[in-house]
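Fold and contact review
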Amino acid sequence: MQSNVSIKNLRLEYGPVAVLKDLDLDIGKGEFLVLLGSSGCGKSTLLNCIAGLLEPTDGSIFINGQNVTWAEPSERGIGMVFQSYALYPQMTVEGNLTFGLRNAKVPKDEIKRRVAKASDMLQIQPLLSRKPAALSGGQRQRVAIGRALVRDVDVFLFDEPLSNLDAKLRAELRVEIKRLHQRLGNTMIYVTHDQVEAMTLADRIAIMRGGVVLQLAAPKEIYNRPAHKYVADFIGSPAMNFLDAVIDPREPLIARAGDLAIPLEHYDFERHGHTGPVWFGIRPENLATGDAANSAPVQVDLIAELVEPMGAETLVWSTLFGTPFKLRMDGQARIEAGDVVRVGLDPKLASIFDKSDELRV
Amino acid sequence: MADATFTHTTPRRIWPADAAGPRPRKRFSQRNIIIYSLLAVLALYYLLPLYVMMVTSLKGMPEIALGNIFAPPTEITFEPWVKAWSTVCTGLNCDGLSRGFWNSVKITVPSVFFSIAIASVNGYALSLWRFKGANVFFTILIIGAFIPYQVMIYPMVILLREIGIYGDLSGLVLVHTIFGMPILTLLFRNYFSSVPEELFKAARVDGAGFWAIYFRIMLPMALPILVVAVILQTTAIWNDFLFGVIFSRPTNYPMTVQLNNIVNSVQGVKEYNVNMAATLLSALVPLTIYLISGKLFVRGIAAGAVKG
Ligand SMILES: Nc1ncnc2c1ncn2[C@@H]1O[C@H](COP(=O)(O)OP(=O)(O)OP(=O)(O)O)[C@@H](O)[C@H]1O
Ligand SMILES: [Mg+2]
C-alpha cells in the first residue's frame, strides 16, 4: 500500500508537557483511518499538526511524499471539518464554500462547477443563499463537509464532526460520510471518541493514549486481539471482564483465577511461555450460557445480581472472585435477579495481558 | 383544603386551567408603585438642572436678573444660542463656539478612527495569533492602562515638541490615539477571545492570511464591539479637557476648553443665558450619540459569546 500521509517521530510539547510523544503513523492512499481515544489523549493535537495549525516541536510530516512539516495549512492539500462546524457566520453557505477557492484565486467557472458538484453530493443546493445561523445542526455540518469537498484535496481531516449532533442525525451522517469515502476514494483521517463510529467507518483504527498510539489495526483485529489492556477495555460495550489470574512457570499452559484452572492449550499466544501475574480478559458477549455452557472448556456458576433487559439482548451483572463480571445473554432468555446461571468460558476467545506492562500475552 | 397545606400531593393552581388568549397584564402592585415613584423622583432630580439650563438659555438678561431660575421664560429668545455659537469672545477670538466645535470634530473623528483601527488589529493579533512575546506585550499595555495620566503628560509634551507637532491638531490626535490604546485593545482582545478558535483554524485551512481573516471574517463579526468602542471613544475624546488644554494652542482649542474660557471669563457681566446655551451646545454631540446608540451599546456590552 502506497502511503499518503506519513508521520515520523512527531513530538509536540507545551512547555514541560509532551502531548505527542515521538509518534509514528503511516496512512495509506485512500485509507479511512480513525483516531480513537479518550478525552485529552492528543487526537486533536495530532490532527492539527497534520493540518499545519500547530507547530510540532520535533519530527516531520509527509503528505503525498512531500515534507510539509513547515508548510502553511492551505498548501498541504488537506481539507478539514471541525466539531463546532466553524462556518463563517457573516457569509452565506455559498460564501462559506467558496471562501477558500477565492483565496486561492481559482477561476470563476471552476468555482461554480465545484460548488455545484459538492452541493449536489451533499444535497445542500436549496441552502446556498442562507446564512449559517438559519441552518440546523445537521445542515451546518453538511456545509462544513462541503467546504472541505470543494477544495478538491487528497486528504480529509475530521475532528469529531458528529459529536454535536443528536443520535439519529449522527447515524445518518455517519453513513453519508462512509458513502462519500467510497465515492471519492480520498484518504480520510477521522477523530472520534465514539467507538461505534470508529468500528463502522474505519479501515484501520489507531487507539491513542497519552500521546502515543497503543495499537493500529483493522477494527476486527482491535476487537478480537487487543494488543493492550487499555485497548481491550476501551473497545466493546459493555467492557471486557478482567479476572485476576496467575500463570505459574511450572505449568505455563494453565491460568489460575480464584479456584478456576483455565487451560490455555487453545489460547492464541502472542508471547509464548509468558508467566506471572496476568489479567484474564473475556468479553461479556463471548460467554456461553444454557446448553452451550455445558460444552465449554471451563464452566462456572454465577449469581445474577442485576438484570438489564435491552430488547435484543439482556445484560446480567454478577461478581466473580470479588470482581464485577458482566454477561450478555439472548434477549429472550428468562432470567431474574438472584438466579444462578451456568456460564461457559472459552479460552480461545479470551485476551490475556501481563500485569506489569499490560501488553497482550 | 386543610390537608392541602400539609401535603405536597395537591398541586397548587397558579393559573387557570382553561387559560386562553393573550397573557393577562399585571396591574400595578404595591411594590411596583414604590419602585416607580422612586425612579420618578430620581429622574426629576437629574432632569432639574437640565431644565434650569434650558429655560435660562432661552431668557434675556433682564429676565434672568429677576432671579427666579425655575420660572419658564416669559419671552422666548434664541439670541443667547446664536451668540454662544457665533459671536461670543474667548480670549482674542470672537467667533463663538463654532470654532471649538469644528476643532473638536477635527480632533475626535481621526482619533476615534485611528485608535479603533489600531486597537482592533492589536486585539485580534493578541487573541488569535499568539505570536512570541504576546503575553509580555499585553501585560505592558495593561500596565499602561493603570499609569496615571499626570505622569505621562510632561514626557509627552517633550516628545511632541521634538517631533514638531506640539500644539497642532495632529499632535492631539496622536495623544488621544495612544491613550485610548490600552483599554480599547483590552476590549477587542476579550471580544476576539470569545470567537471560537476553530473558526480561525478553518479560515487558515482556507488559505486566508492575517489581513484576510481580519477583514473578511473577524471585523464583520465584531460589529457590536465596534459600536461600543466608537461610543466610548467619541464621548471620551469629545469631553476631554485636560489634553485639549495642554496639547493645543488657542486657535486649536477643542470645544470643552473654549466653553471653560467662556464660562470662567472674568471680564464684564456674566451672561448666564449665553453660558447655558454654550454648555448645552457642547453637550449636544455626546447626548445625540447616547440617544441614537443606547440600544446598540447595551447589546454590544452584553455580546459575550459569539456562536457560529
Ligand atoms: N495550549 C495548550 N497548553 C497546554 N496544554 C494543552 C494545550 N492545548 C492542549 N493541551 C493538552 O494537550 C492534551 C491533548 O489535547 P487534545 O485537544 O489533543 O485532546 P483530544 O484527544 O482531542 O481530546 P478530546 O477528545 O477531548 O477532544 C490535553 O491533555 C490538553 O490538556
Ligand atoms: Mg479534540
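Please read these numbers as outputs of a predicted model, since none were measured by experiment. Here, residues in each chain are numbered from 1, in the same order as that chain's written sequence. A letter from A marks each chain and a number from 1 marks each ligand, given out in the order of writing. pLDDT decides what is reported in this predicted model: residues at 70 or higher carry local features, side-chain atom pairs at 80 or more are listed and counted, and totals for whole chains, interfaces and linings draw on all residues regardless. Side-chain descriptors were evaluated using all non-hydrogen atoms of the structure, hydrogens and water having been removed beforehand.

1. Remarks on the overall build of chain B
Inclusion rule: Elements are defined by DSSP. Helices are runs of H or I of four residues or more, strands are runs of E of two residues or more, and each kind is numbered from the N terminus. The buried label goes to any residue with under 20% of its type's maximum accessible area, the exposed label to any with over 50%, and the partly exposed label to all in between, with areas taken from a 1.4 Å probe on protein chains only. Residue contacts are defined here by distance: any two heavy atoms, one from each residue, within 4.5 Å place the two residues in contact.
When helices and strands are tallied, chain B shows 13 helices and 0 strands. Walking chain B from its N terminus toward its C terminus, one meets helices and strands in the order α-α-α-α-α-α-α-α-α-α-α-α-α. Residues counted as buried form 39% of the 308 residues belonging to chain B. Taking as baseline every contact in chain B between residues at least 6 positions apart, the subset at least 24 positions apart corresponds to 69%.

2. Considering the domain arrangement of chain A
Residue and element names in this part refer to chain A. What counts is decided by this rule: In this entry, domain limits derive from an automatic or database-based domain assignment. Buried area: the accessible surface (1.4 Å probe) lost by two parts on joining, summed over both. Criterion for a salt bridge: a side-chain nitrogen of Lys or Arg within 4 Å of a carboxyl oxygen of Asp or Glu. Pairing of N or O atoms within 3.5 Å defines a polar contact, subject to two protein rules: one partner must be a possible hydrogen donor and the other a possible acceptor, and residues neighboring in sequence count only if both atoms are side-chain atoms.
The domain architecture assigned to chain A consists of domain 1 (3–229) and domain 2 (232–354). For domain 1 versus domain 2, the distance between C-alpha centres works out to 38 Å. Counting from both sides, the interface comprises 14 residues of domain 1 and, opposite them, 15 residues of domain 2. Both sides of the domain 1 and domain 2 interface together cover about 1,200 Å² of buried area, and 57% of this is carbon and sulfur. Taken together, the connections running from domain 1 to domain 2 amount to 2 salt bridges. With a closest N to O distance of 2.5 Å, Asp268 and Arg225 form a salt bridge. At the boundary of domain 1 with domain 2, the tally comes to 9 residue pairs in polar contact (both at pLDDT 80 or more). Of all the elements in the fold, those that place two or more residues in the side of domain 1 that touches domain 2 are α6 (195–201) and α7 (219–224).

3. Comments concerning the site of ligand 1
Residues and elements named next belong to chain A. Selection criterion: By convention in these notes, a residue is near a molecule or strand provided one of its non-hydrogen atoms lies within 4 Å of it. Here the accessible surface of atoms and residues is derived via Shrake-Rupley with a 1.4 Å probe, and residues count as covered only by protein chains that are part of the display. Residues are grouped as follows: nonpolar covers Ala, Val, Leu, Ile, Met, Phe, Trp, Tyr, Cys and Pro; charged covers Asp, Glu, Lys and Arg; every other residue, Gly included, is treated as polar.
In the vicinity of ligand 1, the residues found are Tyr14, Val19, Ser39, Gly40, Cys41, Gly42, Lys43, Ser44, Thr45, Glu160 and His193. In the environment of ligand 1, an oxygen atom lies 2.8 Å from a nitrogen or oxygen atom belonging to the side chain of Lys43. Contact distances for ligand 1 include 3.4 Å between an oxygen atom and a side-chain N or O atom of His193. Out of a free accessible area of 640 Å², ligand 1 has 56% covered by protein chains. If you tally residues by element for the shell around ligand 1, the top one is helix α1 (residues 43–51), at 3 residues. Of the residues in the shell around ligand 1, the class split is 3 nonpolar, 6 polar and 2 charged.

4. Focus: unusual backbone geometry
All names here are of chain A. A cis amide bond links Ser237 to the next residue, Pro238, at an omega of 0°. Relative to the assigned elements, Pro238 resides in the loop between α8 (229–234) and β11 (241–247). Despite not being glycine, Asn64 shows a phi value in the positive range, around 50°. Secondary-structure assignment places Asn64 in the loop between β4 (58–63) and β5 (66–67).

5. Here we look at empty space enclosed by the protein
Space left empty within the atom packing is revealed by a probe, the size of a water molecule, rolled over the atoms. Threshold: Only protein atoms enter the calculation, which uses a 1 Å grid: trapped sets of points that fit a 1.4 Å probe without letting it out are cavities, open sets showing protein on both sides within 12 Å along at least five of seven lines are pockets, and any residue with an atom within 4 Å of a point is a lining residue. Grid points are joined across faces, edges and corners, and a volume is the space filled by probe spheres set on the points.
Tallied over the full model, the rule gives 2 cavities of 30 Å³ or more. Taken as a whole, the largest cavity spans an internal volume of roughly 50 Å³. Every residue lining the largest cavity is listed: Met80, Phe82, Arg147, Ala148 and Arg151 of chain A together with Ala202, Val205 and Asp206 of chain B. The computed volume of the second largest cavity comes to approximately 30 Å³. Considering the residues around the second largest cavity, the lining is formed by Ser104, Ile107, Thr108, Leu172, His176, Ile237, Trp238, Asp240 and Pro254 of chain B.

6. Some words on the side chain of Asn4 of chain A
On the secondary structure map, Asn4 of chain A appears in strand β1 (residues 3–14). Within polar-contact distance, the side chain of Asn4 of chain A engages the side chain of Asn64 of chain A at 2.4 Å.

7. Points about the domain arrangement of chain B
Residue and element names in this part refer to chain B. Entries for chain B in the domain assignment read domain 1 (25–77) and domain 2 (98–305). Contacts between domain 1 and domain 2 engage 9 residues on the former and 8 residues on the latter. The largest share of the area that domain 1 buries against domain 2 comes from Met53, Ser57 and Met61, three residues that together contribute 64% of it. Here domain 1 is connected to domain 2 by 0 salt bridges.

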